[in-house]
Amino acid sequence: MGTVIMHSVVSVDGFIADEKGEVGPLHDWYFGGDVPLVVGGEGEFDHSGASTGFKVSRASADYVRSMWESIGTIVMGRTLFDQVNGWEGRPPAGDHVVVVSHRPKPPGWHPEASCHFADSVPGAIDTARELAGERVVAVNAGDAGAQALAAGLVDEVAMDVVPVVFGSGRRYFGGIDGQHLLEDPHVVIQGEGVLHLRFKVRR
């Protein structure tokens, strides 16, 4: 089975969005460089949301490309799914998406998409692993990621740390209880406006 990585862009004080779910300056680094991050081809869904595509620093481009290429399945919560409408069935990385939700897939929603719904985080991880094979399962941070970490289902924690303090909002680790030890970071990459970090979860 592939590695399960909890991942998100995050503020220095540990938030992935503000109280309204807005990311504010957290994604500015996606547009602050001169190296294009090409996702899909002509006519594909514009994941940048700006009709300009992503342009990042060389250090970030090399890291993000290798990360995205390694992903087989993305696990996300229902809130994010609804916010982005499941990226119209075309995720930014990987071939499959698993949504943690007690509500079913919207009727008629992109039947061509490999998008699956699970009513629990463990069930979502199991499905995602089967779909990903030897590739990475990327779990979005927040409540779903925190539940996966608390259940011992996460192998690594990946953070793209942006130099901003939110003060409040939606936490990277959701409402997780208890202490969870991580190894020293095995990836530390300084981009422009972002610091890429990856930690293995201590067993």
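The structure under discussion appears in the preceding block.
Residues numbered from 1 in each chain as written. Predicted model: local features only at pLDDT ≥ 70, side-chain atom pairs only at ≥ 80, totals over all residues. Heavy atoms only, no water.

Chemist: What am I meant to see in the pattern of salt bridges here?
Modeler: Applying the stated criterion across every chain, the model contains seven salt bridges. Here Arg58 makes a salt bridge to Asp62, at a shortest N to O gap of 3.3 Å. Highlighted residues: Arg58 and Asp62, both in helix α1 (residues 58-70), separated by four residues, approximately one helical turn. Relative accessible area serves as the criterion here: at 42%, Asp62 is assigned to the partly exposed category. The salt bridge partner of Arg135 is Asp95, with a shortest N-O separation of 2.9 Å. In this pair, Arg135 is assigned in the loop between α3 (121-132) and β8 (136-140) and Asp95 in the loop between α2 (78-84) and β6 (96-100), connecting sequence segments 40 residues apart. One network of salt bridges, in which partners are shared, links Arg78, Asp82 and Arg103. (Salt bridge = Lys/Arg side-chain N within 4 Å of Asp/Glu carboxyl O. Helix = DSSP H or I, 4+ residues; strand = E, 2+ residues; numbered from the N terminus. Buried < 20%, exposed > 50% of the residue type's maximum accessible area, 1.4 Å probe, protein only.)

Chemist: Would you mind going over the sheet that holds strand β1 (residues 4-11) with me for this structure?
Modeler: Within a sheet, adjacent strands bond to each other through the backbone by hydrogen bonds, running parallel or antiparallel. As summarised here, the arrangement of the eight strands in space is β7-β6-β5-β8-β1-β9-β12-β11, forming an open sheet in which the pairing is mixed. Each of the sheet's edge strands pairs with one partner strand only, and the pair in question is β7 (115-118) and β11 (187-190). Adjacent strand axes in the sheet meet at a mean angle of 20° when their direction is disregarded. As paired elements, β11 and strand β12 (residues 195-200) share four bridges and run antiparallel to each other. Residue pairing across strands places Val188 opposite Leu197, the latter belonging to β12. Each of β1, β5 (71-77) and β8 touches helix α4 (residues 143-150); the most contacted strand, β8, lies at about 120° to it. (Pairing = 2+ DSSP bridges. Axes fitted to C-alpha atoms, helices over the stretch in contact; angles between N-to-C directions. Contact = heavy atoms within 4.5 Å.)

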